[in-house]
Amino acid sequence: AEDGIRDFCLSRGLGDVYKRQEYMGTVMKRVILGLVAINIANKRRQRDTIKMIPSQDTKQQGFDEYGNYYMSIEAMWQAEFNPETDVIKKVGSRDNWYQKASDFWDKEEASIKGVLGGHDYLHEPDIRDSERFLLPFLKSQTIGNDRALDCGAGIGRVAQHLLMKHFKKVDLVDQCAKYIEEARRLLGNEPNIGEFYVAGLQDLQLKERYDLIWVQWVCIYLTDDDFVRFLNTCKGHLKENGILVLKENLTKTGFIVDKEDNSVTRSDELYRGIFERAGLKVVSSKLQEGFPKGFFRVMHYALAPL
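All values reported here derive from a predicted model rather than from experimental measurement.

Right, let's get into the environment of Leu 212. Along the chain, Leu 212 turns up in strand 6 (residues 210-216). Looking at Leu 212, the relative accessible area reads 0%, which means it is buried. Beyond its immediate chain neighbours, meaning those up to four positions away, Leu 212 contacts Leu 134, Ile 143, Arg 147, Ala 148, Leu 149, Leu 163, Phe 167, Ile 243 and Val 245.

See below:
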């Protein structure tokens, strides 16, 4: 729990998404006040978030910034979406979950600095390490280089600085219309740019087949069930020998819910459980290098159908 609280307090202020704490005093005060409230309430009744879950495995537990503790991620979704549960600052429904994330990003500027939450200095080391992870698959001809899809593309940061260098055609998808509009302005005349889609990954429908589907800093916004559905959609649109690369923040254990933008940062164990549910295997994984201290660890996963 102590590691989790430290991770959370280093995580606020999120961007594309790096979630870093720039106001530790404020958030810690919220956590402490929330814990006090829970202790008082527990003298009178057992919290619904704890009663729901039979598991006592602390590696599966999580919390949010308001002092809500959940015995598992399944219990968290049940508690947050059930109108009868007693949860501080409850999300309320699946629609509310996605709407708040959408509203959050609509307020951010359409620039590299904006999509990285003000941490634009992360751009170069991010692209550099992503390329190091991707190149062995291309050089060994494990995958083809005809078409790639950038999911959660924002203004086309990854597409422009990584994917367009290595693929003949690159499609982009993001739920934020102003980001896609800026991506179209910046990249629309490039010969290897393909289609632009405005869609949330929870609603994504695809028509092409891809050698590579790149998914970065966006799956934190998906519920577990929608995450599995999205991965199944991607799996069905991979070419033979195609792969899906997912790059995402990690907690050390369990999960952390951030209700500023309705996101959930998961552990490696939770990610691998979701991959298994979607019928995907991890063929390679590597931690991001070169980021400053004070950020979540970031993992690259290369996934292929089982």
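Let us keep going from here.
Contact geometry of helix 10 (residues 224-235) with helix 11 (residues 268-277) gives a least axis separation of 9 Å together with a crossing angle of 50 degrees. With respect to helix 11, the element helix 10 is oriented oblique. Crossing handedness for the pair helix 10 and helix 11: right-handed. Taking contact as the criterion, the partners of Asp 224, Asp 225, Phe 227, Val 228 and Leu 231 in helix 10 are, on helix 11, Tyr 271, Ile 274, Phe 275 and Arg 277.

With that settled, the discussion passes to the pattern of salt bridges. Side chains that differ in sign of charge can pair as their charged atoms come close. For the structure on display, the rule yields 18 salt bridges. Measuring nitrogen to oxygen at the nearest pair gives 3.4 Å for the salt bridge that ties Asp 129 to Arg 132. Placement of both Asp 129 and Arg 132 in helix 7 (residues 123-139) is noted, with a separation of three residues, approximately one turn of the helix. When its relative accessible area of 48% is taken as the criterion, Arg 132 is described as partly exposed. The partner of Glu 182 in a salt bridge is Arg 185, and the shortest N-O contact between them spans 2.7 Å. Here Glu 182 and its partner Arg 185 are both found in helix 9 (residues 177-187), three residues apart, which amounts to about one turn of the helix. For Glu 182, a relative accessible area of 17% corresponds to the buried category. Three or more residues joined by partner-sharing salt bridges are found here, namely Asp 129, Arg 132, Lys 286 and Glu 289.

With 81% of its residues at a pLDDT of 70 or more, the protein chain shows a mean pLDDT of 86. Contacts of residues 8-29 to residues separated by more than four positions or lying in other chains number 80 contacts, the stretch itself having pLDDT below 50. Confidence drops under a pLDDT of 50 for residues 31-55, and excluding neighbours within four residues, the segment shows 35 contacts in the predicted structure.

As a further point, take unusual backbone geometry. Excluding glycine, residues mostly have negative phi values, and the peptide bonds linking residues are mostly trans. Look at Gln 141: it is not a glycine, yet its phi comes out positive at around 60 degrees. Relative to the assigned elements, Gln 141 resides in the loop between helix 7 and strand 3 (147-151). For Gln 141, a relative accessible area of 68% translates into the label exposed. If you check the backbone angles, Asn 241 has positive phi at about 75 degrees while not being a glycine. Looking at where Asn 241 falls in the secondary structure, it is placed in strand 7 (residues 238-250). Classification of Asn 241 as exposed rests on a relative accessible area of 54%.

A separate point is the sheet that holds strand 10 (residues 280-287). Backbone-to-backbone hydrogen bonds pair the strands of a sheet. The strands run either parallel or antiparallel. Overall, mixed pairing links the seven strands, which are arranged 5-4-3-6-7-11-10 in an open sheet. Among the strands making up the open sheet, the edge pair consists of strand 5 (193-198) and strand 10. Here the strands of the sheet are splayed against their neighbours by 15 degrees on average, with no regard to which way each runs. The pairing of strand 3 with strand 4 (residues 169-174) spans five bridges and is classified as parallel. What sits directly across from Arg 147, in strand 4, is Lys 169.

Turning to the pairing of strand 6, a few remarks are in order. With seven of its seven residues buried, strand 6 lies for the most part within the structure. Inspection of the sheet shows strand 3 paired to strand 6 by four bridges, in the parallel sense. Counterpart to Asp 150 in the pairing with strand 6 is Trp 214. Summarising the sheet, strand 6 and strand 7 pair through six bridges and their orientation is parallel. Looking at the pairing, Tyr 210 lines up with Leu 238 of strand 7.

Parameters at a glance
Residues numbered from 1 in each chain as written. Predicted model: local features only at pLDDT ≥ 70, side-chain atom pairs only at ≥ 80, totals over all residues. Heavy atoms only, no water. Helix = DSSP H or I, 4+ residues; strand = E, 2+ residues; numbered from the N terminus. Buried < 20%, exposed > 50% of the residue type's maximum accessible area, 1.4 Å probe, protein only. Contact = heavy atoms within 4.5 Å. Axes fitted to C-alpha atoms, helices over the stretch in contact; angles between N-to-C directions. Parallel < 35°, antiparallel > 145°, perpendicular 65-115°, else oblique. Left-handed = near helix turned anticlockwise from the far one by under 90°. Salt bridge = Lys/Arg side-chain N within 4 Å of Asp/Glu carboxyl O. pLDDT = per-residue confidence, 0-100. Pairing = 2+ DSSP bridges.

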